[in-house]
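As a plain string of letters, each chain reads:
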Amino acid sequence: MTEQANTQDLLSIEDLSIVYEVDGETTYAVNGLNITLKRGETLGLIGETGAGKTTTALGIMGLVPNPPGRVVSGKVVFDGEDLLQMPKEKMRGVRGNRISMIFQDPMTSLNPVMTVGEQIAEVILIHEGVSKKASFQKAGEMLEMVGIPAVRAGDFPHQFSGGMKQRVVIAIALACNPDLLIADEPTTALDVTIQAQVLDLMKDLKSRYNTAMILITHDLGVVAQVCDKVAIMYAGEVVESGDIRDVYENTKHPYTRGLFGSIPDLDHSVGRLNPIKGMMPDPTDPPSGCKFHPRCPDATATCAASEPAPVLTETGHVARCLMLQSMVEPTDVNRVQG
Amino acid sequence: MSQEMTLDPAQGQLDKSPAKGAPKKRSQWLEVWHRLKRDKMAMLGLLIITLVVLAAIFADVIADYETVVIAQNLSDRLQGPSAQYWLGTDEFGRDIFARIIHGTRVSLMVGVLSVAIAIVMGGGLGAVAGYYGGKIDNVIMRVMDIFLAVPSILLAIAIVSALGANLMNLMLAIAISSVPTYARVVRASVLTIRDQEFIEAARAIGASDLRIIFRHIIPNCLSPVIVQGALGVAGAILSTAGLSFIGLGIQPPEPEWGAMLAGGRQYLRHAWHVTTFPGLTIMITILALNLLGDGLRDALDPRLKH
Amino acid sequence: GGAEEAVKMKDTLVVGQGADAKTLDPHATNDQPSSRVAVQIYSQLVETDKDMNIVPGLAESWKSLDDRTTQFTLRKGVKFHNGEELKASDVKFTLEAMIASPTVAHIVNSISTVEVVDDYTVNVITKEPFGPLLYHLTHTAASILNEKAVKAAGDSYGQKPVGTGPYQFVDWAVGDRITLKAFDHYYGGKQEIPNVVFRNIPEGTNRAIALETGEIDIGYDLEPIDKDTVRSKDNLTLVEEESFSVAYLGFNTKKAPYDNVKVRQAISYAINADDIVEAVLMGAGSPSSSPIGPKVFGFNPNIERYQQNFDKARELLTEAGYADGFKTSIWTNDNPTRVQIAQVLQAQLRQVGIDMSIEVVEWGAFLDGTSRGDHDMFIMGWVTVTGDADYGLYALFNSATHGGAGNRSFYSNAEVDQLLNQARTSTDAGERKELYGKIQVILQNEVPTFSIYDQYQNIGIQKNVLGFSMAPAGHHKIRGVRFQG
Amino acid sequence: MSDTILEVRDLKKYFPTPKGTLHAVDGVNFAINKGKTLGIVGESGCGKSTTGRVILRLLEATDGDILFEGQNIRHFNKDQMRRLREDMQIIFQDPFASLNPRMTASEIIGEPLLIHNKVKNKQELTERVAELMELVGLSPRLVNTYPHELDGGRRQRIGIARALALKPKFIICDEPVSALDVSIQAQILNLMQDLQEQLGLTYIFITHDLSVVKHFSDEIAVMYLGQLIEKAPARDLFSNPTHPYTRALLSAIPSIHLDHKMEREVLQGEITSPINPAPGCRFAPRCKYAAPECTSREIHLNEINDGHFVACAMAGKG
Amino acid sequence: MHRFILKRLLLLIPVLLGVSLLVFAIMSFTPGDPAQLILGENAPPEAVAELREEMGLNDPFLLRYARFVGNAATGDLGQSYTSGRDVFDEIFSRFPNTLILAALGVVIAVIIGIPIGIISATRQYSMIDSGSMFFALLGVSMPNFWLGLMMILLFSVNLGWVPSGGYSSWSSLIMPAITLGTGSAAIITRMTRSSMLEVIRQDYIRTARAKGVAENVVINRHALKNALIPVITVIGLQFGMLLGGAVLTETVFSWPGVGRMMVDAIRQKDAPTVLGTVVFLATTFSLVNLLVDLLYGFVDPRIKSQYA
Ligand SMILES: Nc1ncnc2c1ncn2[C@@H]1O[C@H](COP(=O)(O)OP(=O)(O)OP(=O)(O)O)[C@@H](O)[C@H]1O
Ligand SMILES: Nc1ncnc2c1ncn2[C@@H]1O[C@H](COP(=O)(O)OP(=O)(O)OP(=O)(O)O)[C@@H](O)[C@H]1O
Ligand SMILES: [Mg+2]
Ligand SMILES: [Mg+2]
């Protein structure tokens, strides 16, 4: 059963921990993170600033800047192979080819001194073993696909608007038809109308190529509209994860509930919002026990003392809360996330 | 409304931990110092500069000016280093070590004062140009362009030879020739600061232009000026030496490193120590200032925080 | 072997000096670097030999027609570099142009008219009897020019000189080098060395190095410190000889306290010229007792030097009312030697309570200021280029030449004025010598200027350069020089 | 009309640029009643901030009137402006850029008091600052901290305290929460709401977050390329968006409700340049209902419902 | 593009007017009489006075300045007071020397500076980094003339490899160019390093890595071109500086360049030469800067579009 589950998974992150060591201080950016993803699935990774979302993505890509970053433990099994153990040369063949990544800021993600055509063609040239001419040909096609006329391949990034740049970035990411696309806040810098366009485009392309996707965001709405699964991150840990409907409708973790209480709802007016108190813990000195306990409205003395283990809720998703632990037995995460 | 409502919802338990937002007044300068302290090279620079400053302060204790530094002793001319003369003697039989020690005063004074003058003049002009923009900016910067169009060493030479070679004029010349640099540096940072929201915020609470310039803009554009200043002192010492080399520097018998170096250059092959030691002194001092300057640049740039 | 070697033999003599020539128009300048080049290109009516005897130049012979008229007979068939033949009219043109040139007029302003007798005979008539005339005509400024060439070139003559000398002008890379080549029709015969290059190497150290490395064959104005090196090298010869050049300390006698002769004497007693020669020149000179050097005609060898005596100096100062000394300043231009002299003087005067600051003044301002009398003391040098005492003493101490005309110490002494005039109008060499002797005694007593030292010329020469002969005026005719082998 | 605190008439702000005149704000009209909140929404660069700045006279308007409590403040002199600053304040978007990094929390909060001579001595200043800090929920131990030592939420509280120091009646909030994380954002929104109730403040609330503006505002104005294209009571706007642009904007908001299947009116292209705009409706080039008359004349706000104004030639025509 | 160049060239006019006015004023209002200079120390006062009148030195300052500008506009910079030579001709006869020296100096600086800067940046905090930065600093800290003297001592005197000075063959270029180059190399190294460090942090470098681009390609293709943009300014500034400011090196190596010519002229108060050289150097300096700005356009397409 376990075996089978693992082979089915396109990506399975097990117990991934990443730290940054700066000036003798250690930032625990990602702590024992577990995530699995199947082909074609879209996972929404939600969390506030500093929760470790980008670091997780970089961890998958093998791009954690070192120094100061360091992967402390864990596995990133992609299509049966642990990426963390993969030789550099081979890993380069994976990056941009089988896994690609879209970074947060379209304004700065493109090299200002190369034409967009060159930048798209480059990734094709590296991975597809085609001629230069063919790569440019394909680059043009990719541009068309994201809704930009191919003739503009010779333009430089500064000649494009923000939304167009983001599409170019998407075109680069999809150029080699990857199995997994990691999109780190791909629309945060964009206006809502443009965001809607870009999200539509991504959804469309994804379904066309059956690409699995990790969508990093802090917008619960975006996740609701785009994702199949969701993982809520808090202080480097996934505190709640599972099928989107399940998590959204049977929210178990107090943090997730807090998030929902923090955003005004367009459909239901409330007099006052009901936010989480306090703020993210200092990542260099995380609280003991449950990392969320200092902000948790339901926290008890035990919360400060013992770390919660992932718990399978009755509806079938996973949450990490001691309150749940007393009710439900801890389970093997890999199994339940099937 | 109720007391409860104004209570800070952010005051969770976390706030009581002394971790980050510690209540002690730790200004940015203190942070910079802490960052700088970790930079070994910068600390080496600082150490050397401290020694140089101490030498300047205690020069009279180390060697008497009248009897050792400027008094000639023609029978002991051009002697190599010995127990009596640690670094040998110059063409007039004067103790080079004593002269180098006293020379720190002149060099430091020229270096620091000329940079100070340049910062005040250049910084002021740059701040005004950057803050007001438009025509004022245009006029000031075009004038700066004029100064910039003439290589600074030439400008300094022209000024010194026009005004006459003495300490004051030398400092003035070096200062004037570096005014445009500071004007540019300050203007550039004023331009970035001017459009920041906290300036607008100050205007919104009714702060006057003067207050905005002095309270809000200047303190925030100090860091590039400080870096430039540290390097500028180095440059000024080098310029002084250069001017001395072509005979337009500090006048004798005042011991100045560049003048010593220049004075000894005809003995280069016969009495190597006469140029070598002042040369090394200049080099080490400048190196120290550069190390410190570079260290400061890194320490002041939060993005370089490693 | 041999023939091939001869082909490869050096064909260019390179001379290094401390500055580039300014102009090669002898009437437009009077500076040493220009003269050193000009003297190769031009010839004069008469020349001096190395013992300062007058010998024929372009004039084959001369005689006095009366005490104001000298008749010169020119060599026949002398060619200018442009192919013109030398005529008496060129001499007339040259001397008249010279009188009209403010820069060099002082050398020949005793001349009233120049008469062409025939193509090869010319009479030079002075306003008054003028003893030193022949010496003055040996000056490079009195080089004979070709009227046609000068007129043709106009303002740019200084860059296209035409003379009758052994070498003719080829090319001038300004600031770097002047190239000359041997003139085929030189009246003295074509020179053995085909090319001569004058290079500008401002730094003394570099000149010495260039000599050592063989980049130059003759190096002028070696720094004293480099003498030993040159002397010690097997391939180099050091030529060290007295020149006409005297370095002096001038007092502004118009200004207190220097209007008091006691003060001037006191300072003279405070100075130790030996130390200066030793420390600054490293022995490349000798302490002096007169404004003119020992080689100059009219030098009085019997004058005593001031010997350093601080007690005497203080005594004189006390008598003059400056028992506690005073504050003063000295002007010098940025010549390093002069700055060093000033420094030693500064240290020596400090001993008698005189607090002297050194003001290094840029040359133009120096000339300007000293001719106006803005200065207290100043350091300058004087080269009696003609080799005759008149040139050395008249301009410097005559009360008619105050300021820019030469007397920058603003010295006035009726007796000296009278003696100077008498000596210059006399044509009797013995009488002149005696008169100049007297003048020097007065000057040494009154010290309007304190003569510090007679400077030696330090010239470094490659051993394989033969036939280089010294000229005390400092500019040597390379004529006759050849390479060994 | 007596409870109108601010009225803006035909406000214009043009910037000269090398490429032509940039119409950042082009004929904006609205009024706000005391104690109410007017939300201004619109895409990036449509002139929201410029409108706010011009009202505060941080920028000089090119044309139009700004009536504050009945007085046209466009012609106020320096002194009058200084006094006016006590009544009108601003809170900025970026809590990192809007605080002077070289001043401590207390210095920043105390500065307006010093400038306006509101305190007689140091002690009074300390007291007033402490009061203000308490008001915005800042712990007293933070008095001497520098902005960079604080998180965004606390920084924004300092900004709010500074704005409140002079006891203003009216505050322009220029995207005060858009740089903050959702949980912090909610804390600040609650704080601002509380302050409004306690102190009777009037807000202009500028944002591009439609759910926030709906939650926070009594009335909402939608801007497009320097012009107001729709203005309505909050509820009304969301239940009955009339302008095609408003409709597109609202439909673009991703809902957190999974079953809320959006009927997207996806707009083609992006907001165009405000430099030398063509006459007529500025939205016309992106509007699928555009007709010739949209560009043939200037389109003004029209009241189509009680308090609901739209600037669309097609409005009501189906 | 043409309009941009034209505009910049027009902007040059006020700068040059300013520069010349500044220098003209300095030369006019400081002691030292040109007539006396021309005529030498032995000229009679009457002749000096006469020449002053003839040269128009007694005219009001502004008139003299206007006259200078008028002549300069027709390419006549006057004659040197000391040599009587046409200033314009003299500058042009020397300029090639200056140009070649400055160019070679910059080339050396670039050849040394950029690779070291890149290596240093890509191995930040390594021994290589600290080491090369230390040497770079040593380069800026060493007085130029001192380095020059030391090199002469070693390579000319002791080893006899190259001439000690003057300009006789290409080998005379080596030492002055190296002397000039080391100072600039240090500056270029520093600039390259910090610019490179800045660029390496950018998102687009991360994007390139995420594409699977090999590390050396990331550095050479993606980072370098961006990092070079500010370096080009520095190179341009250095070049401009070396064109006029190599005075000390020119002195040490007896190099017949324009900078030295100007310094000599200043010291001799040879006003026409000073003015001529200053204006000339200011012009070249500004033209170099313009060139640099144009070069920007080629490297940075964002800038190019602004020139249009
Ligand atoms: N290069 C780095 N050096 C040091 N610390 C880092 C670095 N990158 C990230 N961190 C730290 O690691 C933690 C997690 O950062 P990360 O960027 O993964 O968060 P995130 O969830 O992506 O946040 P955001 O929503 O702001 O993008 C933070 O505390 C951050 O300060
Ligand atoms: N000082 C200025 N000079 C020139 N143009 C300006 C200036 N300030 C703003 N603009 C322009 O005016 C227009 C409106 O800008 P404004 O900042 O008001 O927009 P906004 O709606 O606040 O946008 P955002 O949501 O991005 O804050 C923009 O096109 C902007 O580029
Ligand atoms: Mg992130
Ligand atoms: Mg805005």
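The structure reproduced in this document is the subject of the present report.

Calculation criteria
Residues numbered from 1 in each chain as written. Chains lettered and ligands numbered in written order. Predicted model: local features only at pLDDT ≥ 70, side-chain atom pairs only at ≥ 80, totals over all residues. Heavy atoms only, no water. Helix = DSSP H or I, 4+ residues; strand = E, 2+ residues; numbered from the N terminus. Rg over C-alpha atoms; globule rule 2.2 N^0.38 Å. Buried < 20%, exposed > 50% of the residue type's maximum accessible area, 1.4 Å probe, protein only. Contact = heavy atoms within 4.5 Å. Areas by Shrake-Rupley, 256 points an atom, 1.4 Å probe, with all protein chains shown as cover. Phe/Tyr/Trp six-rings, centres within 6.5 Å; stacked < 30°, edge-to-face > 60°. Lys NZ or Arg CZ within 6 Å of the ring centre and 35° of its normal. Patch = residues over 30% accessible without salt bridge, like charges linked within 9 Å, V, L, I, M, F, W, Y side chains within 5 Å. Salt bridge = Lys/Arg side-chain N within 4 Å of Asp/Glu carboxyl O. Near = heavy atom within 4 Å. Polar contact = N/O pair within 3.5 Å; in protein donor to acceptor, adjacent residues only side chain to side chain. Nonpolar A, V, L, I, M, F, W, Y, C, P; charged D, E, K, R; others polar. Expected span 1.5 Å × (residues − 1). Pairing = 2+ DSSP bridges. Axes fitted to C-alpha atoms, helices over the stretch in contact; angles between N-to-C directions.

**Considerations on the overall build of chain C**
Of regular secondary structure, chain C possesses 16 helices and 19 strands. In terms of C-alpha radius of gyration, chain C reaches 23 Å, essentially the compact-globule figure of 23 Å for 485 residues. Here the C-alpha coordinates of chain C stretch approximately 75 × 55 × 40 Å along the principal axes. When each of the 485 residues of chain C is scored for burial, the buried share is 64%. Put simply, of all contacts in chain C between residues at least 6 apart along the chain, 69% involve residues at least 24 apart. If you sum the accessible surface of chain C, you get close to 16800 Å²; carbon and sulfur atoms cover 46% of it.

**A word on the packing of aromatic side chains**
Residue and element names in this part refer to chain C. If you walk through the whole model with that rule in mind, you get 34 aromatic pairs over all chains. Here a set of aromatic residues connected by ring pairs shows up, and it is made of Tyr248, Trp331, Phe366 and Phe378. Across from the ring centre of phenylalanine 410, 4.0 Å away, lies the NZ or CZ of lysine 254, which sits over that ring.

**Some details on the environment of serine 171 of chain E**
All names here are of chain E. As for its position among the elements, serine 171 is in helix 8 (residues 171-200). Sequence-wise, serine 171 and tryptophan 161 are ten residues apart; in three dimensions their C-alpha atoms are separated by 8.8 Å. Here serine 171 is in contact with Val162 and Pro163, once residues within four sequence places are set aside.

**Quick look at a nonpolar patch on the surface**
All names here are of chain B. On the surface, Met41, Leu44, Leu47, Leu51, Val53, Leu54, Ile57, Phe58, Val61 and Ile62 cluster together into a nonpolar patch covering about 890 Å² of accessible area. When residues of the nonpolar patch are traced back to their parent elements, those giving at least two are helix 3 (40-57) and helix 4 (59-62). Sorting elements by how many residues they give to the nonpolar patch places helix 3 first, with seven residues. Among the secondary structure elements, methionine 41 is positioned in helix 3.

**Brief notes about the site of ligand 2**
Residue and element names in this part refer to chain D. Taken together, 13 residues lie near ligand 2, and Ser44, Gly45, Lys48, Ser49 and Thr50 sit nearest. In this structure, an oxygen atom belonging to ligand 2 sits 2.8 Å away from a side-chain N or O atom of serine 44. Contact distances for ligand 2 include 2.6 Å between an oxygen atom and a side-chain N or O atom of serine 49. For ligand 2, whose free accessible area comes to 630 Å², the fraction covered by protein is 65%. Elements with a minimum of two residues in the shell around ligand 2: strand 2 (20-33) and helix 1 (48-55). Of all the elements, helix 1 adds the most residues to the shell around ligand 2, at three residues. Counted by class, the shell around ligand 2 contains five nonpolar, five polar and three charged residues.

**Concerning helix 1 (residues 2-28) of chain E**
An ideal rise of 1.5 Å per residue puts 39 Å on 27 residues; helix 1 of chain E measures up with 39 Å between its terminal C-alpha atoms. Every buried residue of helix 1 of chain E is listed here: Phe4, Leu12, Val15, Leu16, Gly18, Val19, Ser20, Val23, Phe24 and Met27 of chain E.

**Regarding the sheet that holds strand 11 (residues 302-305) of chain D**
Sheets are built from strands paired through backbone hydrogen bonds, the pairs being either parallel or antiparallel. All names here are of chain D. The mixed open sheet is built from eight strands, whose spatial order is 6-7-8-3-9-10-12-11. Each end of this open sheet is capped by a strand with a single partner; those strands are strand 6 (88-91) and strand 11. Ignoring which end each strand starts from, the neighbouring axes of this sheet average 20 degrees apart. Looking at chain direction, strand 10 (residues 227-233) and strand 12 (residues 308-310) are connected through two bridges and run antiparallel. By the bridge assignment, lysine 231 is partnered in strand 12 with phenylalanine 309. Where helix 5 (residues 152-164) meets the sheet, its contacts fall on strand 6 and strand 7 (170-174), and the angle it forms with strand 6 comes to roughly 175 degrees.

Taken by themselves, the reported measurements are silent on function.
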